[in-house]
Amino acid sequence: MCPFFVSLFYLASPKLLCLLELTGVVSVLDPPEHLFRIRLICTLLDTCGQYFDHGNYKKKLDCFLVYFQVSDNCVEFYQSKVC
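Residues numbered from 1 in each chain as written. Predicted model: local features only at pLDDT ≥ 70, side-chain atom pairs only at ≥ 80, totals over all residues. Heavy atoms only, no water.

Asker: Requested: an account of the environment of F36, with residues and values cited.
Answerer: With respect to the secondary-structure elements, F36 resides in helix α3 (residues 36-48). Accessibility expressed as a relative area gives 53% for F36, which makes it exposed. For F36 and L11, which are 25 residues apart along the polypeptide, the C-alpha to C-alpha distance reads 9.8 Å. (Helix = DSSP H or I, 4+ residues; strand = E, 2+ residues; numbered from the N terminus. Buried < 20%, exposed > 50% of the residue type's maximum accessible area, 1.4 Å probe, protein only.)

Now the structure itself:
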């Protein structure tokens, strides 16, 4: 898989939030209320996304966008539980 997509999937992974919810421990370096990961993903997509407009990369980008929306909804759900 393209390193660009590996990085995007890693940044959008909601695993950390699920782990935090189960253990009740909040990371000082990456608290759930910070939206750094989401902003970083949006910046990467804004910068490089235009080059993935055809073929297999377009399919991977479409798949990632669905995954990103689901993981973003998980973040919003987690924040509503905490606040």
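Asker: For the nonpolar core, give the residues involved together with the corresponding values.
Answerer: Membership of the largest hydrophobic core is limited to twelve residues, which are C2, F4, F5, L8, L11, A12, I41, L45, F52, L61, F64 and F68. Secondary-structure elements contributing two or more residues to this core are α1 (3-11), α3 and α4 (55-82). By residue number, the principal contributor to this core is α1, which donates four residues. Among all residues touching F68, those that are not within four sequence positions of it are A12, I38, I41 and C42. (Core = buried A, V, L, I, M, F, W, Y, C linked by side-chain atoms within 4.5 Å. Contact = heavy atoms within 4.5 Å.)

Asker: Break down the packing of aromatic side chains for me, citing the residues and quoting the values.
Answerer: All told, the structure shown has eight aromatic pairs when counted by the stated rule. Between F9 and F64, the ring centres sit 5.2 Å apart and the planes meet at 85°, which makes this aromatic pair edge-to-face. Of this pair, F9 sits in helix α1 while F64 sits in helix α4, and the two are 55 residues apart along the sequence. Note on F9: relative accessible area 22%, which makes it partly exposed. Given a relative accessible area of 0%, F64 falls into the buried group. Aromatic rings pair up to connect F4, F5, F52 and Y57 into one cluster. (Phe/Tyr/Trp six-rings, centres within 6.5 Å; stacked < 30°, edge-to-face > 60°.)

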